[in-house]
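Report on the structure
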Amino acid sequence: MSSKLAREAGDKGGTSTSTKELRRDKSREDEVESWFDRIVKQPVRLRYQKYFVELVLRRKPLPPSKDGRHIPLRAAHDSPLEDERRGHPYVSNTIRSSRYTIWDFIPKQLLFQATRLHNFYFICIGVPQTIPGLSTTGNYTTILPLTFFIILTMFKEAYDDYKRHKMDKVENNQFAKVLREKSNGSHDGAKHTLDFLKTLTVPRLPWKPRKARATFDEVHDPDEDEDMHWEWIKWCDITVGDVVKLKRNDDVPADLALLYADGEDGIAYVETMALDGETNLKSKQAPRGLRMCSNIPGIRSCAADFVCEDPNRDLYDFNGRVTTNDETSPLTLNEVLYRGSVLRNTTYAIGLVVNSGEECKIRMNANHHPNAKKPRLERYANQVVLTLIGYVVLLSVGVSMGYLIWHSNYEVNAWYLDDAYVGFEEIIVGFLIMFNNVIPLSLYVSMEIVKIGQMIMIHNDVNMYDAETDTPMVCNTNTILENLGQVSYVLSDKTGTLTENVMKFRGMSVGGVAFTHGLDGPREGVSLDHRRMSADHGVKDSSRDMKHEKISITVEDRGLAPISTNATVSHDRPSMQQRSSIGGIPRSSTQGQDGFTSTTELLKYISEHPSAALSKKARDFILAMALCHTALPETTDNGDIKFQASSPDELALLEAAQDLGYLLVQRASHSITLLHTSVDGEQSKETYEILDVVEFSSKRKRMSIVVRCPDGRIWLLCKGADSVIVPRLQQAALASRKSHEVRRSIQIEREHQSRNEQTTPRNSFGGRPSMTLRRGSSMDIRINPAAKSAKLDVPKASYEMAVQVRSMDTSRERRSGLSALDNSAVDDDAAVFSRCFKHMDDFAMQGLRTLLYADKTISPSEYASWKKMYQDATTSLVDRQNRIETAAEMVEQGFDLLGASAIEDKLQKGVPETIDKLRRAGIKIWMLTGDKRETAINIAHSAQICKPESSIFILDSTKGSLEAQVHDVVVDVRTGCLHSVLVIDGHTLGQVDADPTLKQVFYDLIPFLDSVICCRASPSQKAGIVKAIRARIPSALTLAIGDGANDIAMIQSCHVGVGISGREGLQAARVADYSISQFRFLQRLLLVHGRWNYMRTAKFILWTFWKEMFFYMMQALYQHHNGYTGTSLYENWSLTVLNTLFTSLCVIVPGIFEQDLKAETLLAVPELYVYGQRNMGLNLPYYLRWVVLGTVQGIIVWFVSWAAWSRFAKMSDHGLFALGDLSFTLGIVFTNYKLLILETHYKTLIVAVSFTVVVGGWFAWNGFMSSAYSDNLSPYDVKGGFTSTFGNDPIWWLTLIVVMAILTVMELGYKSIKHTMLVAGQWPPWKRSVRGVNGVQNAEELDVGLWQALEKEPHIRERLKRMSDGSYDDHDEYE
Amino acid sequence: MEVTNNSKVPLRTLRSALSHSTRRSSQKCGDIIFAPIGGLLLWASAKVEELAIDYSSCAVNAPEYPNFSDIPSRQVTSRFNTAAVSGAQPARWSRNTIIKTYGPDGMAPVNTTVCMVQFDIPKEIGPPVLFYYRLTNFYQNHRRYVKSLDQDQLMGKNRSSDKIKESDCNPLTVEPATNKSYYPCGLIANSVFNDTFFSPLQLNVNQGNDKNRSYDMTNKGIARASDKDLYKPSAYSVDEVVPPLNWRERYPTYNASFPLPKLQEDEAFQVWMRTAGLPTFSKLALRNDTAPMPSGRYQVDIYDYFPVTVYGGTKSILISTRTAMGGKNPFLGIAYVVVGGICVLLGALFTATHLIRPRLVVFSLIEQRKIVRRSPAL
């Protein structure tokens, strides 16, 4: 299918469905979400909707009006028009993207902040803490940092909103010319002029670069009469019913119904980039009945009534009608200018405001509160938090119990503690408050910082910057960065994602003859060569293997492999006729050049034999290419003609038509002018009158145009996918029969070829014989079915033989030549059909996109009757699209086949390598495309999605029982495939979806498939597949990558959406979470940054919990020494700033900068990616290990410092602070030392500086506290402590050092032992199966530590580096 | 050629020489530094002379004066840096009950148990000689107790009863009957350690009449110098406040005869108010920084008021000298030695494995789609 079809499918189907999809998707997601979301998030969301959206943003759902809004066209309205739905005047044209006003900011934000889960938790802890007596850790240790963080967030929010306010103001205060009654002459005018001048100083909206703004003299519009004139009105004052006059390059201030345009035929051109991202100009035309509205008197005299649909967010559909003098004409997309578009190439246009302000389409579409995707790791983090909450509660209860026991054993007897009993609630609440910081308040804030840092790191990676198009990598979402490291499914679009989306016309098939194009001209076929090359690349190694090694196929266990699993394989022997046709098409560029007719020859032939049947057909075909499109020619300054096409395919076709002598020079609304240049340079202009255009839709998969030729003939041209054109041909039955025949023979041919390209040794190592067998059975070389475990040597010559056969055929065709072409053959439909289909399949085999062209001549009477019906359909207000389709269907019958075109879509650079690496990384790659199956499979082959050893299963609903097919595939896949690829088309998928049992079986198969190619998939189907994967394999993380609007639904329903900011506009890139400019950057994004970020975030979470665990262990242990009464070991202020100042950098810095392995290693050994997929960075055993570690280390710190400093010593300071400060200092120094120095692998200057700053800062803080603290008798006698009492005691310092030494020896000892054992192959000691000095291990099973060690070896580093950039040569190994 | 299953990624060999030389430098460093420090600390700790006698049960177990009996040996710790002196006597104790009167005119007679403790100082020690009392199982760090004081009141401010009620002194703020504030209020002040220690008396110095000689120790300079600033003469008049409950024996009430205590001069009180972080603690009571304490037999008289047995605690006197490294602290030295030892051990271990294990280890690296596995012997 053509890219245009696919693309417009996206435009029409994609985006409109995407919102629905999104909604459905969300509800689906809710189902799988945890109880946590159900209980906490959903009520919050509901309340948010109820109070925030409806109350604050005043976006209550309105009842629909009876039949749309009625807007009479009047020069002036006495009173503002009333909105039937509201009973008030229509909303003003003010837009408001800001969320708050200056008055409601604080209360709303406070409410909003308080309802965020973690804030809520900390408020619950922090508020009771401020009550005196409850807390022993100071009253403000939670509430102060919390307030700080909340204020920080609020400030950020306020700043963002301020910016929005400013931009809103700029936008609302722009001026537009609106028709108004004169109110006392020039005085007012002068005032407005002044106002206007003021606006010139208003800063421009940054996203709307504009050429010259209206010049001053335009202020005086000559067009006025006694009462009315065009007045400069602020945008915000425009209301529905106003008449607005726009000049060239003006922004459209509201949704307008076009009344008049100055262009030819009343056409206005608009650019809608801001709306849908499409860069091409769109033509808009005023309804015919409104011709007189070109000036004020005209408008005054025109009494038209507009009826429009209620405001909605569908950008691709507009329903309305306009009635003038009993004549009703439709109001469609074609007559309406949306706010957000810009008037281009049109001197001026006049429009009637139909939607204003927030009811404009662009505002309705604006995503006010995009729902953030959730990171996968958050789930684990939340589980960890939950366990920690359990831990805190357990600890608190335990210690409280300790107090009760102590109380009854001791306190009651202690006379000095009379009445000092602490109530149980106070005790337990006190402990809860004390230990609540085990769940660090800073986690969420630091996480934000880490995410931002990570985003900047990715952002600044110059290796993902495409210099060619000057596109850097863009992060739209920073919350799910670590998801990039856990992807197990990549769902890729084809066009523009795997391929470059630069279309080149490469060939055509007319009258049974195939022509190549652009191979001998200036656009010499590098790309074809390239494609060929990349296709070869995959088999390069194997072919060399073939040369070097003896090929053997081991066929064994035949019984396990059903022969006919692949239902499409035919066992028929191809007829000779078919074989000859196989040879008749270009197989490769080389053959194309020496064996095929090029289009230049065709031109020559046409000029020599102008009346030959082939010439006629060819001319018609070229004309069809030049006529059947929706593109616009644009004359550039230097006189060249550039085409404004909505898809690159149309562009390619038009350029081809230009090359072939028909240049589109002008396209008015009702005519197309072509400049015909004959071979001898003669030029003539031909004008075709456009009668009707039935536009493309994803459902129709075709477009038609009805033109009146210069000779008066009414000619219907249609282009579209073969599947829709063939049934509409005059000889549909014959055509489809031929089509099937050809397809069958093609398959045989392909089996043959792929068998020869197959690296046969590969079959043996997987022990997967069925594929080979199956192939064999459909080939000339038959294998005796009885032969079990037969070992046969495939003659190496067979491939060459096949080539010879083909080239023989080719040469025969060549000999026959064009001149010898039998014209009768052109008329022989059967032959033409079969050849044409053969050519098409062959084009597709080369990865070319094919379109079929068909035509028919309509008699005037037939046309007239159809026209009437069509007119009715197009003006219909209800169900218009369906009626148009039905009407079109009536006329789109009985076509004659014109021919087929083939367009090349070049594979992007580095795609096969990238896909190969992703596959090695354990990522399954699915290709979802709108293209036809053959093209898809071919691209899949050259992109390495299908490998030579792959078993390809094709599900095709037209090939018999689907159930049987699916069943066969299931059996085959389960018995074990090397690499299984399933090909399914959209139609079949639809049928699968419709049948519940089949669906169950099919989707159960998903986890076992290595790749799936889904061709001819609609946008919603693409999204459906994503959802199916997500539902079936909840643990798998999906990534969708695409570039066009048709991928939006898929991108949004995936865990991670990646957009290619390519040539197809920025729609996908804008909604995607990440956008890159080339597919090959995906490997760096996933393998390097994804892994890094996963590892960083995992470590960040683990380390954060570890440090809190560690830190509060000492606090908990101290409780034993104070009768479990809750006296805090730590001083309040230090505790307050602990997480903010002294233990934040040690997790944030590695969280942003850590690289456990070098990028080169990760790229060279993609297998290392499983680290994230298998969640090896943050899982329960690992987490528990860290918990135990933190506990043990806390115990060591406490007991050693307790023993050394107090138990066995006569301290110079027996106070609590000296002891507490010792633990605190140890806590901070060791935390930073361990995390920054021992754990962080990638030690940069930043790490060193952070360590120095934090540790130095801590001692500075101690000094500061020691002098700044007020002197009193508080238990924490800080004053002078650090500077004079314990700070001068060598014992204090020696204790500090010895504890550090013990911990360090412990850490380093463990590491050294582990490292030594790793090197010796003895690690882990409990896993004896994989070890062994000389044993082979899979890369992913090697410990990271080993890789880190390997990296340090210079020669290995060198090799890894070469492997990573693909320049690694196997021969190095053999030296 | 060897063929592997594709479910595992095909591997290809890559030779690698991995040495493990990186991590041991720090441990070597540990060997060199930690053990000597440990030795030094042990030596310093050994230099410290120390004598501790637990007299908690003196009032019950000691015989009436003039009889003396041996103090159970587990209640005596004598660590002197000298060989055992022949003829050394065990520490002994005796008790006597007298009536001690407090107040200017002896207006507050208090039944007082005097505990007399005799012990040997086998060698001349000090100066300085520090006299501590040590309490065990006394929770000065109790959550309520530790905060139970009013800084402003101690600073001499006239704090009204209402203010005191709201202050940290809780639960000992005002006398319920009179609604007068305690001065000083709070649990800490109330439970001030009120045993009185007298300077050690050296026995039988001369065989003559004047056979005993006092080794004078002072209770000045026992508190932190800065602590004086925390106490000021009180602005209360004597009828505004009442003494804490536990003070009543010696201070029945405040009046002209019983003026408000001069807390700013009472260093023992100041020492007490600096709460200890752990339930076992020693606080300085007396000191002599000038003269050495000659060897000989000493007797210390103690007015024994402070009840410890009710809550299962003990109280001891502690006579100690001090070095630059502080008091006796064998643990730290041992810790250093142990750390140094472990470092040596690990170092040896790694050197051993390093020698035994071959340096050359072959690793497998993945090579794209290659199924050739070379023999590791290459």
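Residues numbered from 1 in each chain as written. Chains lettered and ligands numbered in written order. Predicted model: local features only at pLDDT ≥ 70, side-chain atom pairs only at ≥ 80, totals over all residues. Heavy atoms only, no water.

**A short note on the overall build of chain B**
As a reminder, the rule being used: Put simply, DSSP H or I for four residues or longer makes a helix, DSSP E for two residues or longer makes a strand, and each gets a number counted from the N terminus. Exposure is judged per residue with a 1.4 Å probe applied to protein chains only, and the accessible area is read against the type maximum: over 50% gives exposed, under 20% gives buried, and values in between give partly exposed.
Secondary structure summary: chain B contains seven helices and 17 strands in total. Split into buried and exposed, the 378 residues of chain B put 50% on the buried side.

**Things to note about the overall build of chain A**
Quick reminder of the rule: The contact rule is simple, with two residues in contact once any of their heavy atoms fall within 4.5 Å. Working definition of accessibility: Shrake-Rupley area with a 1.4 Å probe, residue cover restricted to the visible protein chains.
The helix and strand tally for chain A stands at 47 helices and 38 strands. Taken over 1375 residues, chain A has a buried fraction of 60%. Counting only contacts in chain A whose residues sit at least 6 apart along the sequence, the fraction spanning at least 24 positions is 76%. Of the accessible surface of chain A, which amounts to about 52800 Å², a share of 57% is contributed by carbon and sulfur atoms.

**Regarding the sheet that holds strand E19 (residues 513-516) of chain A**
Residue and element names in this part refer to chain A. As a reminder, the rule being used: For two strands to count as paired, DSSP must find a minimum of two bridges between them.
Across the sheet, 10 strands lie side by side as E21-E19-E18-E31-E30-E28-E27-E26-E25-E24; this open sheet has mixed pairing. Strands with a single pairing partner mark the edges of an open sheet, and in this sheet they are strand E21 (597-598) and strand E24 (662-668). Alignment of strand E18 (residues 499-510) against E19, held across four bridges, turns out to be antiparallel. For Met508, the partnering residue across the bridge sits in E19 and is Phe515.

**Section: unusual backbone geometry**
Across residues other than glycine, the phi torsion is negative in most instances, and most of the peptide bonds are trans. Following Tyr65 of chain B, the chain continues into Pro66 of chain B via a peptide bond in cis, with omega recorded as 10°. Looking at where Pro66 of chain B falls in the secondary structure, it is placed in the loop between helix H2 (58-61) and strand E3 (69-70). A positive phi is found at Gln944 of chain A, a non-glycine position, where the angle reads about 70°. Residue Gln944 of chain A is classed as buried on the basis of its relative accessible area of 3%. Residues other than glycine seldom take positive phi values, yet Asn1175 of chain A does so here, at roughly 60°. Looking at the element boundaries, Asn1175 of chain A is found in the loop between helix H40 (1170-1173) and helix H41 (1180-1207).

**Digging into a nonpolar patch on the surface**
Residues and elements named next belong to chain B. For clarity, the threshold we go by: Patches here are clusters of residues that have more than 30% relative accessible area and form no salt bridge, with a 9 Å joining cutoff for like charges and a 5 Å cutoff for nonpolar side chains (Val, Leu, Ile, Met, Phe, Trp, Tyr). Salt bridges are defined as contacts in which a side-chain nitrogen from Lys or Arg sits within 4 Å of a carboxyl oxygen from Asp or Glu.
Taken together, the side chains of Leu42, Ile334, Val337, Val338 and Ile342 define a hydrophobic patch exposed on the protein surface, amounting to about 360 Å² of accessible area. The element best represented in the nonpolar patch is helix H7 (residues 330-356), accounting for four residues. Tracing the backbone through its elements, the reader meets Leu42 in helix H1 (residues 25-47).

**Details of the packing of helix H26 (residues 860-875) of chain A against helix H27 (residues 880-891) of chain A**
Residue and element names in this part refer to chain A. Basically, it comes down to this: Axes, fitted as lines to C-alpha atoms, cover a helix only where it is in contact. Angles between the N-to-C directions of the axes lie from 0 to 180 degrees. What sets the label is the angle itself: under 35 degrees gives roughly parallel, over 145 gives roughly antiparallel, 65 to 115 gives roughly perpendicular, and the rest give oblique. Crossings are classed by handedness, with left-handed meaning an anticlockwise turn of the near helix from the far one by less than a right angle and right-handed meaning a clockwise turn.
Look at H26 against H27: their axes get within 8 Å of each other, and the N-to-C directions meet at 165°. In terms of their interaxial angle, H26 and H27 are classed as roughly antiparallel. In terms of crossing hand, the pair formed by H26 and H27 is left-handed. Between H26 and H27, the contacting residues are Trp866, Met869, Tyr870, Asp872, Ala873 and Thr874 on the first element and Arg880, Arg883, Ile884, Ala887, Ala888, Met890 and Val891 on the second.

**Points about the sheet that holds strand E32 (residues 924-928) of chain A**
All names here are of chain A. The strand order across the open sheet built from nine strands is E16-E38-E37-E36-E17-E32-E35-E34-E33, with neighbouring strands paired in mixed fashion. In this open sheet, the two edge strands, each paired with only one partner strand, are strand E16 (474-475) and strand E33 (951-955). Relative to strand E35 (residues 1011-1015), E32 is paired through four bridges, and the arrangement is parallel. Bridging from a neighbouring strand, Trp926 pairs with Val1012 of E35.

**Points about the nonpolar core**
Let me state the cut-off plainly: Here, the term nonpolar core denotes a set of buried Ala, Val, Leu, Ile, Met, Phe, Trp, Tyr and Cys residues that are joined through side-chain atoms within 4.5 Å.
Counting 248 residues, the largest nonpolar core has Leu1082 of chain A together with Phe119 and Trp272 of chain B as the members making the most contacts within it. By residue number, the principal contributor to this core is helix H36 (residues 1081-1119) of chain A, which donates 25 residues. Once you skip the residues sitting within four places of it in the chain, Trp272 of chain B turns out to touch Tyr133, Leu135, Phe138, Gln140, Tyr145, Ile188, Ser191, Val192, Phe193, Phe281, Lys283 and Phe306 of chain B. With 52 residues, the next largest nonpolar core counts Tyr90, Met228, Ala286 and Leu343 of chain A among its residues.

**A few points about the state of the cysteines**
Rules: By disulfide we mean two sulfur atoms from cysteines, separated by a distance within 2.5 Å.
Tallied over the full model, the rule gives two disulfides over all chains. Each sulfur in the disulfide pair Cys169 of chain B and Cys185 of chain B lies 1.8 Å from the other. Because the torsion about its S-S bond is 50°, the bridge between Cys169 of chain B and Cys185 of chain B counts as right-handed. Remark: Cys185 of chain B occurs in the loop between strand E9 (180-182) and helix H5 (187-190) and Cys169 of chain B occurs in the loop between helix H4 (161-166) and strand E8 (174-175); sequence separation between them is 16 residues. Not engaged in a disulfide, the cysteine Cys475 of chain A finds its nearest cysteine sulfur in Cys1054 of chain A; these two sulfurs lie 17 Å apart. With a relative accessible area of 9%, Cys475 of chain A lands in the buried category. No disulfide involves Cys709 of chain A; its sulfur sits 13 Å from that of Cys628 of chain A, the nearest cysteine.

**Overview of helix H25 (residues 829-845) of chain A**
Residues and elements named next belong to chain A. Put simply, the rule reads: Multiplying 1.5 Å by the helix residue count minus one yields the expected span of that helix.
For H25, which comprises 17 residues, the first-to-last C-alpha distance of 24 Å matches the rise-based estimate of 24 Å (1.5 Å per residue) to within 8%. Counting buried positions over the 17 residues of H25 gives 13, a clear majority of the element. After H25 finishes, the residue Gly847 shows a positive phi value of roughly 80°.

**Regarding the pattern of salt bridges**
Residue and element names in this part refer to chain A. Here the structure, examined in full by the defined rule, presents 42 salt bridges over all chains. Among the salt bridges present, the one from Glu1167 reaches Arg920, with a minimum N-O distance of 3.1 Å. Note that Glu1167 is positioned in the loop between helix H39 (1159-1164) and H40 and Arg920 in helix H28 (residues 911-920), a separation of 247 residues in sequence. On the basis of relative accessibility, which here comes to 1%, the residue Glu1167 falls in the buried class.

**Notes on the packing of helix H10 (residues 376-409) of chain A against H36 of chain A**
Residue and element names in this part refer to chain A. Worth spelling out the cut-off: Any residue that is not Ala, Val, Leu, Ile, Met, Phe, Trp, Tyr, Cys, Pro, Asp, Glu, Lys or Arg is counted as polar, Gly included; the first ten are nonpolar and the last four charged.
The interhelical angle for the contact between H10 and H36, taken along N-to-C directions, is 5°, at an axis separation of 11 Å. When the interaxial angle is binned, H10 and H36 end up roughly parallel. Here H10 contributes Leu377, Ala381, Val384, Val385, Leu388, Tyr391, Leu395 and Val399 to the contact with H36, which in turn contributes Tyr1094, Thr1097, Ala1098, Ile1101, Phe1105, Met1109, Met1113, Ala1116 and Gln1119. In terms of residue class, the contact of H10 with H36 is built from 15 nonpolar, two polar and no charged.

**Some points on helix H12 (residues 442-459) of chain A**
Residue and element names in this part refer to chain A. For H12, with 18 residues, the first-to-last C-alpha span of 25 Å sits near the 26 Å given by 1.5 Å per residue. Turning to H12, its buried residues are Ser442, Leu443, Ser446, Met447, Val450, Lys451, Gly453, Gln454, Met455 and Ile458. Buried residues along H12 sit in contact with helix H5 (143-172), E16, H36, helix H37 (1132-1142) and helix H38 (1145-1153).

**Quick word on a positive patch on the surface**
Residue and element names in this part refer to chain A. Heads up, the condition is: His is not counted here, nor are the chain ends, while Lys and Arg score as positive and Asp and Glu score as negative. To locate a charge, take atom NZ for lysine, CZ for arginine, CG for aspartate or CD for glutamate.
Residues Lys1158, Lys1243, Lys1352, Arg1357 and Lys1361 make up a contiguous surface patch of positive charge. Tracing the backbone through its elements, the reader meets Lys1243 in the loop between helix H42 (1216-1239) and helix H43 (1245-1268). What makes Lys1243 partly exposed here is its relative accessible area of 48%.

**As for the confidence of the model for chain B**
Residues and elements named next belong to chain B. Selection criterion: Residue-level confidence of the predictor is what pLDDT reports, using numbers from 0 through 100.
In this model, chain B carries an average pLDDT of 81, and 83% of its residues clear a pLDDT of 70 or more. pLDDT under 50 marks residues 1-25. Its contacts with residues more than four places away, or in other chains, come to 80 contacts. For residues 358-378, every residue scores under 50 in pLDDT, and the model assigns this stretch 78 contacts once sequence neighbours within four places are set aside. The ipTM, which scores confidence in the relative placement of chains, is 0.90 for this predicted complex, and the corresponding pTM is 0.74.

**A short note on the pairing of strand E22 (residues 632-635) of chain A**
All names here are of chain A. Taken together, the four bridges between E22 and strand E23 (residues 641-644) define a ladder with antiparallel strand orientation. Pairing of Thr635 across the sheet is with Ile641, part of E23. Two successive antiparallel strands, E22 and E23, enclose a turn made up of five residues, where Gly639 displays a positive phi of approximately 90°.

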